[in-house]
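Spelled out from the first residue to the last, the chains are:
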2 protein chains.
Amino acid sequence: MNDEATGPGRRRTTEQRAAVTLADVARVAGVSEITVSRILRNTGPISERTRARVMAAVEQVGYVPNRIAGTLASATSNLMGVIIPSLSNIVFPEVLQGIHAALATSGFQPVVGVTDYNLDVEERLVRALLAWKPSAMIIAGFDHTETTRRILQQSRTRIAELMDIDAVPIDIAVGLSHRSAGYDTGRYLIGRGYRRFGYVGHDWNADRRARRRWDGLCAALGDAGLALVDQALFDGPSSTQAGRAMCDTLLRRTPSLDVVVFSNDDMAVGGVFHCYGRGLVPKRDVALFGFNGLDIGQALPVPLSTVRSKRYQIGKIAVETILQHPERQSGPIIIDTGYEILEGGTA
Amino acid sequence: MNDEATGPGRRRTTEQRAAVTLADVARVAGVSEITVSRILRNTGPISERTRARVMAAVEQVGYVPNRIAGTLASATSNLMGVIIPSLSNIVFPEVLQGIHAALATSGFQPVVGVTDYNLDVEERLVRALLAWKPSAMIIAGFDHTETTRRILQQSRTRIAELMDIDAVPIDIAVGLSHRSAGYDTGRYLIGRGYRRFGYVGHDWNADRRARRRWDGLCAALGDAGLALVDQALFDGPSSTQAGRAMCDTLLRRTPSLDVVVFSNDDMAVGGVFHCYGRGLVPKRDVALFGFNGLDIGQALPVPLSTVRSKRYQIGKIAVETILQHPERQSGPIIIDTGYEILEGGTA
DNA sequence: CCCATAAATGGCAGCGCTACCATTTTTCGG
DNA sequence: CCGAAAAATGGTAGCGCTGCCATTTATGGG
C-alpha cells in the first residue's frame with residue numbers, strides 16, 4: 001500500500017531516478033521478493049507458472065541484480081582476488097588465461113591487482129582485495145612481507161600461491177620446482193657434450209625464481225666437476241633487447257663459450273637475434289638455451305632449446321583446485337605441474 | 001550493554017568465529033562506529049587524539065574493512081569493470097597495463113572479463129560486471145549485441161569503448177582510426193615505390209579492426225590506380241606461426257610480389273622468420289609491413305617496418321578520462337590517440 | 001473426503017557500513 | 001565570562017538482498 005513512499009527520505013537527494021530493485025520486480029509480478037530472489041538464483045521449488053511470470057517482469061522492468069547487496073546478505077561473494085607481479089612479462093597474462101578459462105563457467109569474477117614486483121604494493125593490494133570478501137586469493141610467488149603472510153593466513157579464505165613449489169605455502173601451491181628445472185637443464189646440456197657454460201641473466205634481486213634456476217644449474221655443473229665460465233647480468237626486467245645486448249657483452253668478453261644459458265626465453269630469443277645479426281649459427285657456433293617454452297621461441301626459424309613451464313596449466317589448476325575444495329584443508333596442498341625439456345635446435 | 005548478544009541468532013550456524021566489524025573497533029576504542037568509519041575514510045573533522053586511539057584499536061583487533069557493506073551503504077563502489085576479447089593477443093595485456101597504471105593510485109580495482117571474441121559471452125559478462133555496480137565499464141571494441149548496447153546505455157555509469165574511433169561510441173571512445181591507419185600504410189608504401197602488393201591476414205570475420213585497416217589499404221591502392229595482387233588469409237587468430245605459414249603460401253603462389261602487408265605484427269614477424277628460413281632478405285627480396293609496433297618486431301635483427309598503435313596509452317587515457325569526469329557528459333567523447341609509422345628496415 | 005506429506009510461497013530480521021541529521025564540546029571575539 | 005560559531009562526535013535508519021522459520025497450497029494414499 002505504501003509502494004511509493006520512500007520512507008522519511010534520505011539518499012536519492014540528487015535527481016537520480018531510483019535503481020530498479022527486487023521489490024519492483026516482485027510488485028510487477030505479484031509475488032514476494034524472496035520468490036523472485038529464489039527464481040533468479042535457481043534455488044528452492046518454484047512452479048513453472050510463477051517462474052515465467054517473474055522472468056517476464058524482470059525483462060519488463062529491466063532489472064539488474066545487485067551482487068553487492070546479495071553478497072552482504074549471504075556472505076558469499078563470487079569474487080576471486082588475483083595478484084600478479086607484472087603484465088609486461090607474457091608469462092603472467094598466460095597464467096591469467098588459465099585462471100579465466102577455469103573461472104569462465106563458474107560464475108566467479110576475478111579482481112586483479114598488479115604489484116610491479118613491489119612487496120609493499122603487494123601488501124596494499126592484499127588488504128584492498130580482501131576488503132571485497134573474495135572466496136579465494138590467487139597470488140603469484142612466495143615472496144611476501146611478514147604482514148602480508150599473516151593477513152592472508154588469518155583471512156579464512158583459500159590462498160593459492162602460484163609458479164613455485166620450492167617452499168611451504170600458506171595454503172595451496174601450484175607450480176614447478178625451479179631449482180630442479182635449473183638442475184635438469186645443466187644435466188641435459190652436459191649430457192649433450194657442452195663444457196664451457198656461460199649465463200645471461202636479468203633482475204638479479206627481483207626475480208627469485210630465475211635465481212633458483214641459476215642455483216640448480218650451478219649445482220648440476222658442480223656435481224659434474226664444472227662451473228660457469230662467465231656470466232652477464234642485465235640490471236632490469238627481462239626482454240629480447242636486453243638478452244641481445246647481454247649476449248653480445250658475454251660473447252665478446254669470453255668467445256670461447258660453447259653454450260649460453262639464458263634466464264628465460266625472452267632473453268634467449270634476444271640471444272638468437274644477436275647471432276643472426278652477427279652471422280653466427282646457433283648450436284654450430286654457440287649453443288643457446290632458454291626457459292619457459294614461449295611461442296615466440298618455438299616459432300623461430302630454428303626452434304629454441306628450452307624448458308617448457310606450464311603457465312596456463314598453473315592458473316587453470318589453481319582455480320580448479322579452489323573450486324573443488326572451497327574450504328581450507330588441514331595441511332598445505334602442493335601441486336607439481338612439472339616441466340619438460342624442449343630439444344629445439346639451438347642446443 | 002548487549003554487546004555479546006547476537007540477536008535471535010541466525011547466521012553463524014557454523015562454528016566460524018564472527019568477523020571483526022567496525023563495531024568491535026569502536027567498542028575497543030571507546031568511540032562510536034561512525035567515528036571509526038570517518039577516520040578510516042579520512043572524512044570529517046577528527047581530533048588527533050581519537051584518531052590515534054582508533055588506529056591502535058584497528059591494529060589490535062586486526063580489522064579488515066568490508067567494502068561490500070560500505071558500497072551498499074554509500075552506493076559508490078570503487079570497482080571498475082574491464083572487458084577484453086582475449087589475453088593471448090599481447091595487445092590486450094598491454095591495454096590492461098595502461099589501465100592498471102592509471103588505476104594504481106586511485107583506489108579503484110578492476111574486475112576483468114574475457115570474451116574470447118564471442119559477443120554473447122560479452123553480453124553475459126556485461127550483465128555480470130554491472131551487478132557489482134562498478135563506477136565505470138571499459139570494454140574493448142565497438143561490436144556488441146543490441147542488448148549489450150542497450151544495457152550499457154541504460155546503466156548510468158561511464159562506458160569507455162577502446163581501440164577504435166571509427167564509429168559513434170555509447171559514451172567514450174579511445175583509440176585510433178584503423179581505416180586511416182590502413183590508408184596511410186598504403187600511401188607510405190606506394191611512396192616508397194612498391195607496386196605489387198600482397199596481403200596476409202587472419203580471422204577475417206572476428207577481427208573487425210584488421211578488416212578496417214584492410215579497407216583503408218585497399219582504398220589507398222585504389223586511389224593510386226593499384227590493387228592487391230594477391231592475399232592469403234589464415235582462418236584463426238593471429239600468431240607468428242600462422243604468419244609464417246601464410247607468407248609461405250602467398251609467396252609460393254605469387255612470387256612476383258614486391259611488398260607484403262600483414263594484418264598485424266605477430267603475423268609479420270612470422271613473415272620475417274619465413275624469409276630467414278628461406279634465405280630471403282627482407283626488403284631486398286620482398287618488403288614486409290606489419291601493424292602495432294610490438295617490442296618483438298622492433299627487437300628483430302632488422303626492425304620491422306610497421307605502424308605503432310599506442311595500446312598502453314589507450315588504456316591509460318581511458319581510465320584517466322573516466323577518473324576526471326565520473327559523471328556522463330551530454331554527448332559522446334572521442335579521443336584519438338593516433339598512430340605513427342615506424343620506418344624500420346623491412347620496407 | 002480426510003489427513004499426512006510434499007511443494008510453493010511469504011514475513012521478517014539483519015549482513016556491515018554510511019548518509020543524514022542531530023547533539024555535545026571546544027574555541028574565541030567582545 | 002557569555003553567546004555564537006566551529007569542531008568533534010553520536011543516533012538511527014536504511015542500502016538491497018538472503019537465511020531462517022513459518023504458512024499456505026497442491027498431491028495422494030486409504
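Residues numbered from 1 in each chain as written. Chains lettered and ligands numbered in written order. Predicted model: local features only at pLDDT ≥ 70, side-chain atom pairs only at ≥ 80, totals over all residues. Heavy atoms only, no water.

Engineer: Tell me about the overall build of chain A, and please be specific about residues and values.
Structural biologist: If you tally the helices and strands in chain A, you get 13 helices and 12 strands. Taking 347 residues into account, the globule formula puts the C-alpha radius of gyration at 20 Å, and chain A, at 27 Å, lies well above it. Projected onto its principal axes, the C-alpha coordinates of chain A cover approximately 90 × 40 × 40 Å. Relative to its 347 residues, chain A shows a buried fraction of 51%. Sequence-distant contacts in chain A: of pairs separated by 6 or more residues, those separated by 24 or more amount to 67%. Total accessible area computed for chain A in this model is approximately 15,400 Å², and 50% of it derives from carbon and sulfur atoms. Of the charged side chains in chain A, 39 are positive and 36 negative, and the gap between their average positions amounts to 3 Å. (Helix = DSSP H or I, 4+ residues; strand = E, 2+ residues; numbered from the N terminus. Rg over C-alpha atoms; globule rule 2.2 N^0.38 Å. Buried < 20%, exposed > 50% of the residue type's maximum accessible area, 1.4 Å probe, protein only. Contact = heavy atoms within 4.5 Å. Areas by Shrake-Rupley, 256 points an atom, 1.4 Å probe, with all protein chains shown as cover. Lys, Arg positive; Asp, Glu negative; His and termini not counted. Charge placed at Lys NZ, Arg CZ, Asp CG, Glu CD.)

Engineer: Provide a residue-level description of the interface of chain A and chain B, including the pertinent values.
Structural biologist: Contacts between chain A and chain B engage 49 residues on the former and 49 residues on the latter. Around 4,400 Å² of area is buried between chain A and chain B when both sides are counted, 65% of it from carbon and sulfur atoms. Put simply, chain A and chain B have 0 salt bridges between them. For the pair chain A and chain B, the interface holds 10 residue pairs in polar contact (both at pLDDT 80 or more). When residues of the side of chain A that touches chain B are traced back to their parent elements, those giving at least two are helix 4 (67-74), helix 5 (91-103), strand 2 (109-114), helix 6 (119-130), helix 10 (240-253), helix 11 (265-278) and helix 12 (295-298) of chain A. Among the residues forming the side of chain A that touches chain B, the class breakdown is 28 nonpolar, 15 polar and 6 charged. (Buried area = accessible area lost by both parts, 1.4 Å probe. Salt bridge = Lys/Arg side-chain N within 4 Å of Asp/Glu carboxyl O. Polar contact = N/O pair within 3.5 Å; in protein donor to acceptor, adjacent residues only side chain to side chain. Nonpolar A, V, L, I, M, F, W, Y, C, P; charged D, E, K, R; others polar.)

Engineer: Could you give an account of the domain arrangement of chain A, naming the residues involved and the relevant values?
Structural biologist: The domains assigned to chain A are domain 1 (1-65), domain 2 (78-176 + 316-337) and domain 3 (178-311). In this structure, domain 1 of chain A and domain 2 of chain A have C-alpha centres spaced 36 Å apart. (Domains from an automatic or database assignment.)

Engineer: Help me get a handle on the sheet that holds strand 9 (residues 287-289) of chain A, residues and values and all.
Structural biologist: All names here are of chain A. Within the open sheet, the 4 strands sit side by side as 7-6-8-9. Their pairing is parallel. The outermost strands of the open sheet, each flanked by one partner alone, are strand 7 (228-234) and strand 9. Each strand of the sheet is rotated relative to its neighbour by a mean of 20°, with strand direction disregarded. Relative to strand 8 (residues 259-262), strand 6 (residues 197-202) runs parallel, the two being bridged by 4 bridges. (Pairing = 2+ DSSP bridges. Axes fitted to C-alpha atoms, helices over the stretch in contact; angles between N-to-C directions.)

Engineer: Go over the packing of aromatic side chains, please, and point to the residues and values.
Structural biologist: Here the distance between the centres and the angle between the planes together describe a pair of aromatic rings. Overall, the coordinates contain 8 aromatic pairs over all chains when judged by the stated rule. Ring centres 6.3 Å apart and planes at 55° place the aromatic pair Phe 273 of chain A and Phe 273 of chain B in the tilted group. Remark: Phe 273 of chain B occurs in helix 11 (residues 265-278) and Phe 273 of chain A occurs in helix 11; the pair is interchain, linking two chains. Residue Phe 273 of chain A shares its accessibility class with Phe 273 of chain B, and that shared class is buried. A centroid spacing of 5.1 Å and a plane angle of 90° characterise the contact between Trp 204 of chain B and Trp 214 of chain B, whose relative ring orientation is edge-to-face. You can see Trp 204 of chain B sitting in the loop between strand 6 (197-202) and helix 9 (208-223) and its partner Trp 214 of chain B sitting in helix 9, a full 10 residues away along the chain. The class of Trp 214 of chain B is buried, set by a relative accessible area of 19%. Lying over the aromatic face of Phe 291 of chain B, Arg 213 of chain B brings its terminal NZ or CZ to 3.9 Å of the ring centre. (Phe/Tyr/Trp six-rings, centres within 6.5 Å; stacked < 30°, edge-to-face > 60°. Lys NZ or Arg CZ within 6 Å of the ring centre and 35° of its normal.)

Engineer: Describe the packing of helix 1 (residues 22-29) of chain A against helix 2 (residues 33-41) of chain A, listing the residues and the values that go with them.
Structural biologist: A pair of packed helices can be characterised by two numbers: the angle between their axes and the separation between those axes. Residue and element names in this part refer to chain A. Between helix 1 and helix 2, the least distance of the axes is 8 Å, while the angle of their chain directions is 105°. By the angle between their directions, the pair helix 1 and helix 2 is classed as roughly perpendicular. Facing Leu 22, Ala 23, Val 25 and Ala 26 of helix 1, the residues of helix 2 in contact are Glu 33, Val 36, Ser 37 and Leu 40. Each residue belonging to the contact of helix 1 with helix 2 can be placed in one class, and the counts come to 6 nonpolar, 1 polar and 1 charged. (Parallel < 35°, antiparallel > 145°, perpendicular 65-115°, else oblique.)

Engineer: Let's hear about the side chain of Thr 337 of chain A: which residues, and what values?
Structural biologist: For Thr 337 of chain A, the position within the fold is in the loop between strand 11 (333-336) and strand 12 (339-342). Residues in contact with Thr 337 of chain A, not counting those within four places in the same chain, are Val 174, Gly 175, Leu 176, Lys 310, Ile 314 and Ile 317 of chain A.

Engineer: Provide a residue-level description of the relation of the copies chain A and chain B, including the pertinent values.
Structural biologist: With an axial shift of 0.0 Å and an RMSD of 0.1 Å, the rotation relating chain A to chain B amounts to 180°. Between the two chains, the operation in question is that of a two-fold axis. Minimal C-alpha separation from the rotation axis in chain A is found for Val 111 of chain A, amounting to 2.3 Å. The fraction of interface residues of chain A whose copies in chain B are also interface residues reaches 100%, indicating that both copies meet through the same surface. (Least-squares fit on C-alpha atoms with pLDDT ≥ 70 in both.)

Engineer: A description of the sheet that holds strand 9 (residues 287-289) of chain B should follow, citing residues and the corresponding values.
Structural biologist: All names here are of chain B. What the 4 strands build is an open sheet, ordered 7-6-8-9; its pairing is parallel. Strand pairing shows two members of the sheet lacking a second neighbour, strand 7 (228-234) and strand 9, which therefore form its edges. Sheet twist, expressed as the average angle between the axes of neighbouring strands with direction ignored, equals 20°. Here helix 9 sits on the sheet in contact with strand 6, strand 7 and strand 8 (259-262), set at roughly 170° to strand 6.

Engineer: Which residues make up the environment of Glu 320 of chain B, and what are the values?
Structural biologist: Topologically, Glu 320 of chain B is positioned in helix 13 (residues 311-324). Counting along the chain gives 276 residues from Glu 320 of chain B to Gly 44 of chain B, while the straight-line C-alpha distance between them is 27 Å.

Engineer: Help me get a handle on unusual backbone geometry, residues and values and all.
Structural biologist: Backbone geometry places Ala 75 of chain A, a non-glycine residue, at a positive phi of 60°. Take Ala 75 of chain A: its relative accessible area is 66%, and that puts it in the exposed class.

Engineer: Talk me through helix 4 of chain A; I want residue IDs and the actual numbers.
Structural biologist: Of the residues that open helix 4 of chain A, the one with a side-chain oxygen 2.9 Å from the backbone nitrogen of Ile 68 of chain A is Asn 66 of chain A. A positive phi of about 60° marks Ala 75 of chain A, the residue just after helix 4 of chain A.

Engineer: Run through the pattern of salt bridges, naming residues and quoting values.
Structural biologist: Scanning the model with the defined rule gives 30 salt bridges over all chains in all. Taking the shortest distance from any N to any O, the salt bridge between Arg 192 of chain B and Glu 343 of chain B comes out at 3.6 Å. Taken together, the residues Arg 192 of chain B in the loop between helix 8 (178-191) and strand 6 and Glu 343 of chain B in the segment after strand 12 (339-342) connect sequence positions 151 residues apart. Its salt-bridge partner being Glu 340 of chain B, residue Arg 308 of chain B comes within 3.8 Å of it at the nearest N-O pair. Taken together, the residues span a long stretch of sequence, with Arg 308 of chain B in strand 10 (residues 306-309) and Glu 340 of chain B in strand 12 at a distance of 32 residues. Several salt bridges converge on common partners, so that one network encompasses Arg 158, Asp 171 and Arg 328 of chain A.

Engineer: Tell me about the nonpolar core, and please be specific about residues and values.
Structural biologist: Counting residues in each nonpolar core, the largest one holds 137 residues, and the members touching the most others are Leu 162 of chain A together with Leu 162 of chain B. Other than its neighbours up to four places away in sequence, Leu 162 of chain B contacts Val 95, Ile 99, Ile 138, Ile 139, Ala 140, Gly 141, Val 174, Ile 314, Gly 315 and Ala 318 of chain B. Residues Leu 152 of chain A together with Ile 68, Ile 83 and Ile 159 of chain B belong to the second largest nonpolar core, which totals 31 residues. (Core = buried A, V, L, I, M, F, W, Y, C linked by side-chain atoms within 4.5 Å.)

Engineer: How would you sum up the side chain of Ser 77 of chain A? Please name residues and give values.
Structural biologist: Inspection of the secondary structure assignment puts Ser 77 of chain A in the loop between helix 4 and strand 1 (79-84). Judged by its relative accessible area of 1%, Ser 77 of chain A falls in the buried class. Only 2.7 Å separates the side chain of Ser 77 of chain A from the backbone oxygen of Lys 133 of chain A, close enough to count as a polar contact. Sequence-distant contacts of Ser 77 of chain A, defined by excluding residues within four places in its chain, comprise Arg 67, Thr 71, Trp 132, Lys 133, Pro 134 and Ser 135 of chain A together with Trp 132 of chain B.

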